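In case you want the letters, here they are:
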Amino acid sequence: MNSKPFYITTPIYYVNDRPHIGHVYTTTIADIIARYHRLRGEDVFFLTGTDEHAAKVIDTARERGVSPIEWADRNANEFKNTFKRLDISNDDFIRTTEERHKKKVREYVEKLIKAGDVYLGEFSGWYDAGQEEYVADLKAKEYNYISPINKKPLIEKKEKNYFFRLSKYQADLEALIQGKTVNGQTFAVKPDARSNEVLGRIKEGLNDVPISRTGAGGWGISIPGHDEHSVYVWIDALFNYISTVDSPDRRKYWPAQVHLIAKDILWFHAVIWPALLMALNEPLPNLVYAHSFWISEGQKMSKSLGNFVDLEKIDQYVQTFSLDALRWFLAASGPLSTNDSDFAEAKFIEVYNMDLANDFGNLLNRVSGLISKNFAGHIPDLGPLTPDEETIIEVARNLNPTVQNLIDQVQVNEAVRSVMLLVQKVNKYLETQAPWKVAKTDLPRAGTILYTATECLRLASVLLEPVMPAKCRAVLEILGAEGSAPEWGGLKSGTVLKTHGPLFPRFEVEKKSY
Ligand code: MSP
């Protein structure tokens, strides 16, 4: 067994609100990648969690009449339960309010202060007290020094803060993002358009950044020996990726292979995070991959437009089409590249009917129907091959390496599509070979055709199990091939197929809209 460690993370989500399709998407894609790596026999560690020390948690908690930690507990549980329901196979769930994380963050900050990369400085700027945030000088001027949100004057505020010497890492970051090796390390940002974006901004020049705040009222991680300062929420949050595995039994997982995020939080992950790690003398993660956004029914998701894909909506889709159908849609049609994707009901139904009902589900129905009719339900033997089988077998043999290679590049859409392409090819092959006709004159030849088609279905099910765990396991059970390998030839002739209902019943739009 190859027990190479593989560590993948998602962003840790704000507990200000409940999970929605965006959070579910990133976590599902990370889950799929983790499962593909487990299929290879690797020693996988998959982390997700919640980011809890934001000032807005205090505000929301106050509005609801509960304490910040009660509010955080409530929503962290929503995230945990949602991920459980959606068959997410995370190995741990980190909450930044947990002592194990806080203790480590204090250690990292102390180390940075000792190394001289974090220093006490003074920050002055325009402050929006209602929003608890600084407004950049140019913006403040544009606003006429009035908060655009609460219409109160901005305050000119001076604060003593701890600063991180980001400027010191300008040259190293530039080189890394350009693909160069720095101190024996590499660090990739993908897709390429995103790394170009980051590089452009780095070249404009990097200033040191404040990494502490005062006046957080005890909500946050205090800086050792300077209790009035708490670690700025973003710095606190980024450290989760290492704090969770910073113990003797888990150290082997660091550095992470993939930090999966979306484009909204690229700067922190592609610039601040590697710089902090260099300052800590820690190895750098291999890849930060930033996907794009889901919009919904053609527009940006918004609560007021009523097109928000929230938990209730997600549950409706799961109930109507099955969880695995939702996972398939996310994997095959999601915004993994630089374009946003539209979560639209009509599109979902189209993808469901085409890929799952017509292609995948139908292949199972066809082979199992024909095998029960002509071979009393026993999987037939593979006899002499014609060039038609040879072409299909060639595709099948190359499938696992193709899929794994795409997974290594986080190209989940293409990986899963390449498997469905084999399924489509096999459906066409069945149509041209017409084994139902051949069976009348040459039963062994019909057997060869059906073995070939069923073996491809088995292989496709093994290779789609990371995406659709329950449905693919069901197919493998029907074929008596649970736990078989993603290589050609795993299907055992003579095995009796189990009876089954339709895997993905066709969804008729006229009948009902849910
Ligand atoms: N807490 C920070 C992250 C800290 S990581 C060290 C945060 N949290 S968040 O709750 O706002 O989550 C942002 C992430 O949620 C995005 O990067 C993305 O992974 C996911 N999505 C949120 N909305 C999304 C869409 N509309 N579409 C796709 N994913 C999006 O930022």
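Right above here is the structure, for reference.
The numbers attached to residues start from 1 for each chain and follow its sequence in the written order. Restriction of local features to residues with pLDDT of at least 70 applies here, the model being predicted, together with a cutoff of 80 or more for giving and counting side-chain atom pairs; totals for whole chains, interfaces and linings are based on all residues. The basis for every side-chain value is the complete set of non-hydrogen atoms in the structure, without hydrogens or water.

## Some thoughts on the sheet that holds strand β10 (residues 222-223)
Then, number 1: Pairing between strands requires that DSSP locate at least two bridges from one strand to the other. Runs of H or I in DSSP of at least four residues are treated as helices and runs of E of at least two as strands, each being numbered from the N terminus. With antiparallel pairing, the 3 strands of this open sheet are ordered in space as β9-β11-β10. Of all the strands in the sheet, just β9 (212-214) and β10 have a single pairing partner and so form its edges.

## Digging into the packing of aromatic side chains
Then, number 1: We call Phe, Tyr and Trp rings a pair once their centres come within 6.5 Å, taking the six-membered ring for Trp, and we label the pair stacked below 30 degrees between planes, edge-to-face above 60, and tilted otherwise. In total, this model carries 28 aromatic pairs according to the counting rule given.
Then, number 2: Judged by centre distance (4.8 Å) and plane angle (50°), the rings of F321 and F348 are tilted. Taken as a pair, F321 in helix α11 (residues 311-321) and F348 in helix α13 (residues 345-375) lie far apart in primary sequence, 27 residues in all. Comparing F321 with F348 shows no difference in burial state: the two are buried. Here's how the labels work: a residue is buried when its accessible area is under 20% of the maximum for its type, exposed when over 50%, partly exposed in between, all with a 1.4 Å probe on protein chains only.

## Thoughts on the site of the ligand
Then, number 1: The environment of the ligand is formed by 22 residues, the closest being I12, T26, D51, D264 and W294.
Then, number 2: Within 3.5 Å is the distance limit for a polar contact, defined as a pair of N or O atoms, with the added protein rule that one can donate a hydrogen and the other accept it, and that residues adjacent in sequence qualify only through two side-chain atoms. Contact between the ligand and I12: a nitrogen atom at 2.8 Å from a main-chain N or O atom of the residue.
Then, number 3: With respect to the ligand, the backbone of G22 contributes an N or O atom lying 3.5 Å from a nitrogen atom.
Then, number 4: Accessible areas in this description were obtained via Shrake-Rupley with a 1.4 Å probe; residue shielding takes into account the shown protein chains only. Burial of the ligand by the protein amounts to 93% of the accessible area it has alone, namely 670 Å².
Then, number 5: Here a cavity denotes a set of grid points, spaced 1 Å apart and computed over the protein atoms alone, in which a 1.4 Å probe fits but from which it cannot get out, and a pocket denotes an open set meeting protein on both sides within 12 Å along at least five of seven lines; residues with an atom within 4 Å of a point are reported as lining. Molecules are considered to sit inside a cavity or pocket once more than half of their atoms lie within 2 Å of its grid points. In this structure the site holding the ligand corresponds to the largest pocket.
Then, number 6: Only β1 (5-14), α1 (21-39) and α8 (233-238) provide two or more residues apiece to the shell around the ligand.
Then, number 7: The biggest single contributor to the shell around the ligand is β1, with 4 residues.
Then, number 8: Lys, Arg, Asp and Glu make up the charged group, whereas Ala, Val, Leu, Ile, Met, Phe, Trp, Tyr, Cys and Pro make up the nonpolar group; the residues left over, Gly among them, are polar. Split by residue class, the shell around the ligand holds 13 nonpolar, 7 polar and 2 charged. One heavy atom within 4 Å of a molecule or strand makes the whole residue count as near it.

## A look at the layout of surface pockets
Then, number 1: By volume, the largest pocket is sized at about 1000 Å³.
Then, number 2: Contributing to the lining of the largest pocket are 36 residues, with H20, G22, H23, D264 and F293 lying nearest its centre.
Then, number 3: Looking at the lining of the largest pocket, the elements that each hand over two or more residues are β1, α1, α8, α9 (240-243), β14 (294-296) and α11.
Then, number 4: When residues of the lining of the largest pocket are assigned to their parent elements, the largest contribution, 4 residues, is made by β1.
Then, number 5: Broken down by class, the residue content of the lining of the largest pocket amounts to 17 nonpolar, 9 polar and 10 charged. Grid points are joined across faces, edges and corners, and a volume is the space filled by probe spheres set on the points.

## Quick look at helix α4 (residues 99-115)
Residues lying three or four places apart along an α-helix face the same way, a consequence of the helix completing one turn every 3.6 residues.
Then, number 1: Here, expected helix span is obtained from the residue count minus one, scaled by 1.5 Å. With 17 residues, α4 extends 24 Å from end C-alpha to end C-alpha; this agrees with the ideal 24 Å at 1.5 Å per step.
Then, number 2: All buried positions along α4 are accounted for by H101, K102, K104, V105, Y108, V109 and L112. Relative to the axis of α4, the buried residues are bounded by an arc of 165° and lie together on one face.
Then, number 3: Remark: G116 follows α4 within two positions and exhibits a positive phi of approximately 85°. Of all possible arcs, the one meant is that of the directions from the helix axis to the C-beta atoms.

## A look at the pattern of salt bridges
Then, number 1: Salt bridges are identified by distance alone: a Lys or Arg side-chain nitrogen within 4 Å of an Asp or Glu carboxyl oxygen. In this structure the tally under the stated criterion is 34 salt bridges.
Then, number 2: Taking the shortest distance from any N to any O, the salt bridge between R18 and E312 comes out at 3.3 Å. Taken together, the positions of R18 in the loop between β1 and α1 and E312 in helix α11 put the pair 294 residues apart, joining distant regions of the chain.
Then, number 3: Residue classification places R18 among the partly exposed residues on the basis of a relative accessible area of 33%.
Then, number 4: Ionic pairing is found between R35 and D31, a salt bridge with its closest N-O pair at 2.9 Å.

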